[in-house]
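Survey of secondary and tertiary structure
Chain by chain, the residues run as shown.
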Number of protein chains: 2
Amino acid sequence: MKNFIFQNPTKLVFGKGQIAKLAQLIPADARLMITFGGGSVRKNGVYDQVKKALEGRVYTEFWGIEPNPTVETLSKAITQGKAEGVNFILAVGGGSVLDGTKLIAAGILYEGDAWDIVKRSTAERSIPYASVMTLPATGSEMNSGAVISRAETHEKYAFYTRYPEFSVLDPETTFSLPPEQIAAGLADVYVHVMEQYLTTTGQSRVMDRWAEGLLLTVLEIAPLIRKNQHDYDVMADFMLSATLALNDFIRMGVTQDWATHMIGHELTALHGITHGASLAIVLPGTMSVLREQKHGKLLQYASRVFGLNTGGEDERIEEAIKRTEEFFRSLGLATRLSEAGIGEETIEEIVERFNARGARLGEAGNVTGDVVREILKSRK
Amino acid sequence: MKNFIFQNPTKLVFGKGQIAKLAQLIPADARLMITFGGGSVRKNGVYDQVKKALEGRVYTEFWGIEPNPTVETLSKAITQGKAEGVNFILAVGGGSVLDGTKLIAAGILYEGDAWDIVKRSTAERSIPYASVMTLPATGSEMNSGAVISRAETHEKYAFYTRYPEFSVLDPETTFSLPPEQIAAGLADVYVHVMEQYLTTTGQSRVMDRWAEGLLLTVLEIAPLIRKNQHDYDVMADFMLSATLALNDFIRMGVTQDWATHMIGHELTALHGITHGASLAIVLPGTMSVLREQKHGKLLQYASRVFGLNTGGEDERIEEAIKRTEEFFRSLGLATRLSEAGIGEETIEEIVERFNARGARLGEAGNVTGDVVREILKSRK
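Here we summarise the structure given alongside this text. From a predicted model like this one, the values you see are computed outputs, not experimental measurements.

Along chain A, the regular secondary structure elements total 15 helices and 8 strands. A compact globule built from 380 residues would reach a C-alpha radius of gyration of about 21 Å, and chain A, at 20 Å, matches this within 12%. The principal-axis extents of the C-alpha atoms in chain A amount to approximately 65 × 45 × 45 Å. Restricting the contact set of chain A to residue pairs at least 6 apart, pairs at least 24 apart contribute 78%. Accessible area for chain A stands at about 13700 Å²; split by element, carbon and sulfur atoms hold 49% of it. Charge-centre separation for chain A: the mean point of 40 positive side chains lies 3 Å from the mean point of 47 negative side chains.

Right, let's talk about the packing of helix α4 (residues 71-83) of chain A against helix α5 (residues 95-107) of chain A for a bit. Residue and element names in this part refer to chain A. In the contact formed by α4 and α5, the axes pass within 9 Å of each other and the chain directions differ by 45°. On the basis of their axis angle, the class for α4 and α5 is oblique. The hand of the α4/α5 crossing is right-handed. The residues of α5 that touch α4, namely those facing Val71, Leu74, Ala77, Ile78 and Lys82, are Gly100, Leu103, Ile104 and Gly107. The class makeup of the residues in the contact of α4 with α5 is 6 nonpolar, 2 polar and 1 charged.

Attention now moves to the environment of Asp29 of chain A. Residue and element names in this part refer to chain A. Among the structural elements, Asp29 can be located in the loop between α1 (22-25) and β2 (32-35). Taking relative accessible area as the criterion, Asp29 reaches 66% and is therefore assigned exposed. A C-alpha to C-alpha distance of 9.5 Å links Asp29 and Asn87, two positions 58 residues apart in sequence.

So, about the environment of Val254 of chain A. Residue and element names in this part refer to chain A. Within the element layout of this structure, Val254 appears in the loop between α9 (232-245) and α10 (259-271). Judged by its relative accessible area of 7%, Val254 falls in the buried class. Sequence separation of Val254 and Ala364 is 110 residues, and the distance between their C-alpha atoms is 12 Å.

Before going further, it helps to examine the pairing of β2 of chain A. Residue and element names in this part refer to chain A. Neither face of β2 is left uncovered, since the one carrying Leu32 and Ile34 and the one carrying Met33 and Thr35 both have all their residues buried. In the sheet, β2 pairs with strand β3 (residues 59-62) via 4 bridges, with the strands oriented parallel. The residue of β3 that forms the bridge with Leu32 is Tyr59. Pairing between β2 and strand β4 (residues 88-93): 4 bridges, direction parallel. Note that in β4 the partner of Met33 across the bridge is Ile89.

What follows covers the relation of the copies chain A and chain B. The transformation that overlays chain A on chain B combines an axial shift of 0.0 Å with a rotation of 180°, and the residual RMSD is 0.0 Å. Overall, the copies show the geometry of a two-fold rotation axis. Among all residues of chain A, the one whose C-alpha sits closest to the rotation axis is Pro9 of chain A, at a distance of 2.2 Å. A high fraction, 100%, of the interface residues of chain A reappear at the interface in chain B, so the copies pair face to face through one surface.

With that settled, consider a negative patch on the surface. Taken together, the side chains of Glu292, Glu313, Asp314 and Glu315 of chain A present a region of like negative charge at the surface. Looking at the secondary structure, you find Asp314 of chain A in helix α13 (residues 313-330).

The subject of this paragraph is the packing of helix α12 (residues 295-306) of chain A against α13 of chain A. All names here are of chain A. As a packed pair, α12 and α13 sit with axes 9 Å apart at the nearest point and diverge in direction by 65°. Regarding α12 and α13, the two cross each other, and that crossing is left-handed. Of the residues in α13, those touching α12 at His295, Leu298, Leu299, Tyr301, Ala302 and Phe306 are Glu313, Asp314, Arg316, Ile317, Ala320, Arg323 and Thr324. When the residues that make up the contact of α12 with α13 are grouped by side-chain class, the tally is 7 nonpolar, 2 polar and 4 charged.

This next bit is on the interface of chain A and chain B. On the side of chain B, 45 residues touch chain A, which itself brings 45 residues to the contact. The largest contributions to the chain A side of the interface with chain B come from Met1, Arg205 and Trp210 of chain A, which together make up 20% of the buried area. Taken together, the links from chain A to chain B amount to 6 salt bridges. A salt bridge links Glu220 of chain A to Arg205 of chain B; its shortest N-O distance comes to 3.2 Å. The interface formed by chain A and chain B contains 17 residue pairs in polar contact (both at pLDDT 80 or more). Those elements that provide at least two residues to the side of chain A that touches chain B are β1 (4-14), α8 (205-227) and α9 of chain A. When residues in the side of chain A that touches chain B are grouped by element, the largest group, 12 residues, is from α8 of chain A. For the side of chain A that touches chain B, the class distribution of residues is 24 nonpolar, 12 polar and 9 charged. Direction of pairing for β1 of chain A relative to strand β1 (residues 4-14) of chain B: antiparallel, over a ladder of 7 bridges.

What counts and how
- Residues numbered from 1 in each chain as written.
- Chains lettered and ligands numbered in written order.
- Predicted model: local features only at pLDDT ≥ 70, side-chain atom pairs only at ≥ 80, totals over all residues.
- Heavy atoms only, no water.
- Helix = DSSP H or I, 4+ residues; strand = E, 2+ residues; numbered from the N terminus.
- Rg over C-alpha atoms; globule rule 2.2 N^0.38 Å.
- Contact = heavy atoms within 4.5 Å.
- Areas by Shrake-Rupley, 256 points an atom, 1.4 Å probe, with all protein chains shown as cover.
- Lys, Arg positive; Asp, Glu negative; His and termini not counted.
- Charge placed at Lys NZ, Arg CZ, Asp CG, Glu CD.
- Axes fitted to C-alpha atoms, helices over the stretch in contact; angles between N-to-C directions.
- Parallel < 35°, antiparallel > 145°, perpendicular 65-115°, else oblique.
- Left-handed = near helix turned anticlockwise from the far one by under 90°.
- Nonpolar A, V, L, I, M, F, W, Y, C, P; charged D, E, K, R; others polar.
- Buried < 20%, exposed > 50% of the residue type's maximum accessible area, 1.4 Å probe, protein only.
- Pairing = 2+ DSSP bridges.
- Least-squares fit on C-alpha atoms with pLDDT ≥ 70 in both.
- Patch = residues over 30% accessible without salt bridge, like charges linked within 9 Å, V, L, I, M, F, W, Y side chains within 5 Å.
- Salt bridge = Lys/Arg side-chain N within 4 Å of Asp/Glu carboxyl O.
- Buried area = accessible area lost by both parts, 1.4 Å probe.
- Polar contact = N/O pair within 3.5 Å; in protein donor to acceptor, adjacent residues only side chain to side chain.

Spelled out as structure tokens, the structure:
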């Protein structure tokens, strides 16, 4: 096991009716801004619940944080927040609203272009913020990361900042999510776990078990959600799994990969493809191209997640990769670039971007532009 | 899934050589007291590491917190701490030193008998404290609970207080632990998980998987530790599992039992038996007597932890209980009251104590004195 430091101070407020607690959770003297996406929270009743919970409180609203939030949009919110002396932000929506809010919260204390913060990958300071999370996927509700896009240059990068003060998670808010968002969310959660799990064996037995426990949970709930998206307990497990997949709980003392995410971000930056959907295309390629390096863990994954214990090792690994892809397909997601309407020219464009940055991705730092090309070519 | 609120702010500083970071971790202006047990840290080099890390810093020491720490001893430390204006405490040792320190930290801000805090089960205020944890077992290094004894009346109760600021966990400090402490520690960790797991089915798939992951890890590492107590990776998994078993991570949205612990505390209070060892005696009885109520979860436990999937349901449950007892015996622990030199008169004494308190233990609140009698009689 590697040495590590772990600390995650975010308060989770989980369950039915918990949005009503907002007034207790937000400091009484906060100069509050509430941030939103495109307006789905107006339809599903969440906006009304928030308004009711904060009746009598003064706050400003900022609407219109888009999926894959752009620094261009967020800069407007930063300007508004600075002008109004905002010192606490509540994000209401999915991972994009919250990721965008993380940049707004940092940008309010920063003199200059907020894109600097993203490029530096760390915010030195940030006002406190919190969330009402309505879409299980990114884990942003209990971590310090955020992924921000720049429309002008088609760039998309992660940066790290303070943790949310609290996140309210009410599984009932997920009942009305569009099926394609559920599908992308499930894929996102699954791949978050895989990035922290599918590296080398023998680092930590308990971290392996917890990662496998999350994978098994996602595989079990996915068909149940398709059957009945109003099953509270199933949606609660979905929501909790999304949080636990990326809140540092399963990465203690182990190496991490994240090559699939870095490649997926490029697909999103260039083609606007939903984040979770991009991962469903890339992951089988990463598994396949790096199968020698990941041999032991792929065998463990085959055995513990899919019960594949007989036949030759290569055969079991091949089957595990196949089942992973089949899982994504069962969600209704494309798993090939061509299915997503992405042509071969995009592969070279992405390779060039990685080469220009001198990228060496993955747990072994050996995923260069050339390896990225191989991964993407295997996903044509 | 039940509604829940989760927040655990403790910083874990995990790995080889991490004790050297103490000077950075403890506020520079702290009026520091360091608390210790009986002196094993002088032999295993931990005391020297702490002294070296804090060279040039001023602090006072309090030695002699005993196993199952007593309010009588801790009151002396409180008096010393008040006299010296202590505002930060570092506990160096195992769960007893840290549990005792939790009461000292609360007692320093309390006017009156510290036993009041224990009887009320909640400390309203506490100075900050932290730990260098050298014995994986209680999980006290990352939770808000502590168990305190009163020698005068042979009482032993838990109380809740603030979380540790940080805990330094260096697996190398466990290399020299006496085998009987390792055994009791492993049993303690196992039963902590069982108290949060062996209730009813269908509450949370992911919490079940995580609890099972911890149980499987403990079952896997126990024989490896017996073979080689200097295997860093194995001891690291032991140490991390102990923390994760009782830091609120596996109790999100699920009911809990804790009857076995309450009964075990009485065995310790009356006979001084080591905490983990007391649990190894009681747990098979709780499982057996409450097998109808816990039927579904016992079957799940039999299947997922021991791979018991064939034969009648009662047969599988019987076998799972047997294997649980065998696991404790494989650690070298007694699993019968008679083996621990405890006679039948103790059973009635314990039943009377529970009756006097009107106790109704367990996840269903139905473990009365009579049920406790049944559990203990099954363990003669």
